[in-house]
Amino acid sequence: MKEGELRVSQRELHRMHVVRLTIEGRESVGRGAKLLGISPRQMKRLRRKMKERGVGGMVHGNRGKQPWNKTVSAKIEKVIKLARGRYRGLNDTHLTEKLKEKEQMSLSRPAVRRMLRQAGIAAVRKRGVKRHYKRRERKAQEGALVLWDGSPHHWFGEKPGEWTLMAVIDDATGKLLCGVFALEEDAQSYLICLRQMLVDKGIPLAIYMDRHGIFRRNDDHWTVEEELAGEQVPTQVGQALKAY
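Residues numbered from 1 in each chain as written. Predicted model: local features only at pLDDT ≥ 70, side-chain atom pairs only at ≥ 80, totals over all residues. Heavy atoms only, no water.

Caption draft 1: Region of the structure containing a nonpolar patch on the surface. Judged by side-chain polarity, Trp-155, Phe-156, Trp-163, Phe-181 and Leu-183 come together as a nonpolar surface patch covering roughly 480 Å² of accessible area. By the element assignment, Trp-155 lies in the loop between strand 1 (146–153) and strand 2 (163–170). (Patch = residues over 30% accessible without salt bridge, like charges linked within 9 Å, V, L, I, M, F, W, Y side chains within 5 Å. Areas by Shrake-Rupley, 256 points an atom, 1.4 Å probe, with all protein chains shown as cover. Salt bridge = Lys/Arg side-chain N within 4 Å of Asp/Glu carboxyl O. Helix = DSSP H or I, 4+ residues; strand = E, 2+ residues; numbered from the N terminus.)

Okay, structure coming up:
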């Protein structure tokens with residue numbers, strides 16, 4: 001296309017003609033808007049553009065510009081190519097820093113991470129010395145500590161679905177003191193275990209349990225009464241344990 005030449009579609013040519021008719025007074029704004037399938041307000045905007053910039057003002061503002069999605073796609077392709085090539089082996093944070101420092105590409109770490117995962121590039125894990133955890137010694141005496149926990153599993157052969165085993169185990173001996181099966185971990189099952197353990201074995205010195213909401217409150221909501229008392233109202237299981 002020669003410099004200064006403006007190419008328009010048949011649809012744009014029709015729009016220019018109708019707008020020109022309204023400017024020349026040969027057609028009303030309302031009638032012109034109906035002919036183009038737009039609102040009178042949009043028609044007034046088109047009339048103003050034609051009066052100020054001529055037919056060039058009627059052409060879409062993105063004419064001749066590169067589509068934004070093409071630019072985005074090109075950036076993504078470049079990031080993926082660099083991640084698989086020059087910066088291979090860098091984690092998401094390090095790669096983001098290198099893109100900004102060496103490639104003048106200011107991208108957020110979440111954006112880089114999203115690009116890499118969608119391209120099938122797995123996250124690079126830190127290669128550090130594994131921390132050694134010392135195994136806790138068992139208590140020396142039976143009844144010094146009992147362990148409470150729930151274990152969901154496919155316990156019953158070919159029957160569909162999982163059941164949860166709530167169990168109480170003595171830490172010193174590994175003996176099963178009580179066990180109850182339920183569809184899910186619930187307070188009633190733990191209370192049954194507690195009662196059976198107390199009747200059969202007596203009161204242990206300590207009970208070890210996880211931070212499950214059945215055992216203790218995990219929320220940050222405190223009532224005025226709780227703040228004055230200095231503690232939250234315990235759960236049902238918590239109240240039972242406190243009673244003993």
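Back to the text.
Caption draft 2: How the structure looks around helix 1 (residues 10–23). Over its 14 residues, helix 1 runs 20 Å from end to end, which matches the ideal 20 Å to within 8%, given 1.5 Å per residue. Among the residues of helix 1, Glu-12, Met-16, Val-18, Val-19, Leu-21 and Thr-22 are the ones counted as buried. Taken together, the buried residues of helix 1 touch helix 2 (29–36) and helix 3 (40–53). Note on helix 1: the residue one or two positions beyond its end, Gly-25, has a positive phi of about 85°. (Expected span 1.5 Å × (residues − 1). Buried < 20%, exposed > 50% of the residue type's maximum accessible area, 1.4 Å probe, protein only. Contact = heavy atoms within 4.5 Å.)

Caption draft 3: Quick look at the packing of helix 7 (residues 187–200) against helix 9 (residues 236–243). Where helix 7 meets helix 9, the axes come as close as 9 Å, and the angle between the chain directions of the two elements is 20°. By the angle between their directions, the pair helix 7 and helix 9 is classed as roughly parallel. By crossing handedness, the relation of helix 7 to helix 9 is classed as right-handed. Across the interface between the two elements, Ala-187, Tyr-190, Leu-191 and Leu-194 of helix 7 pack against Gln-236, Val-237, Ala-240 and Leu-241 of helix 9. Looking at the contact of helix 7 with helix 9 residue by residue, the class counts come to 7 nonpolar, 1 polar and no charged. (Axes fitted to C-alpha atoms, helices over the stretch in contact; angles between N-to-C directions. Parallel < 35°, antiparallel > 145°, perpendicular 65-115°, else oblique. Left-handed = near helix turned anticlockwise from the far one by under 90°. Nonpolar A, V, L, I, M, F, W, Y, C, P; charged D, E, K, R; others polar.)

Caption draft 4: Local environment of the packing of helix 1 against helix 2. The contact between helix 1 and helix 2 brings their axes to 9 Å, and the two run at 170°. Comparing their axes, helix 2 and helix 1 come out roughly antiparallel. Residue-level inspection shows His-14, Arg-15, Val-18, Val-19 and Thr-22 of helix 1 in contact with helix 2, the latter providing Val-29, Gly-32, Leu-35 and Leu-36. Residue composition of the contact of helix 1 with helix 2, by class: 5 nonpolar, 3 polar and 1 charged.

Caption draft 5: The arrangement of the nonpolar core in detail. Counting residues in hydrophobic clusters, the biggest one holds 19 residues, and the most contacted among them are Trp-148, Val-168, Tyr-190, Met-197, Phe-215 and Val-237. Sorting elements by how many residues they give to this core places helix 7 first, with 6 residues. In contact with Phe-215, other than residues within four places in its own chain, are Trp-148, Tyr-190, Met-209, Asp-210, Thr-235, Val-237 and Gly-238. If you look at the next biggest cluster of nonpolar residues, it comprises 12 residues, including Val-79, Ile-80, Leu-82 and Ala-83. (Core = buried A, V, L, I, M, F, W, Y, C linked by side-chain atoms within 4.5 Å.)

Caption draft 6: Here's a closer look at the sheet that holds strand 1. The strand order across the open sheet built from 4 strands is 3-2-1-4, with neighbouring strands paired in mixed fashion. This sheet does not close on itself; its edge strands, each paired only once, are strand 3 (176–182) and strand 4 (207–208). Looking at chain direction, strand 2 and strand 3 are connected through 6 bridges and run antiparallel. Residue pairing in the sheet places Leu-165 in a bridge with Phe-181 of strand 3. Along the sheet, helix 7 makes contact with strand 1, strand 2, strand 3 and strand 4, crossing strand 3 at roughly 155°. (Pairing = 2+ DSSP bridges.)

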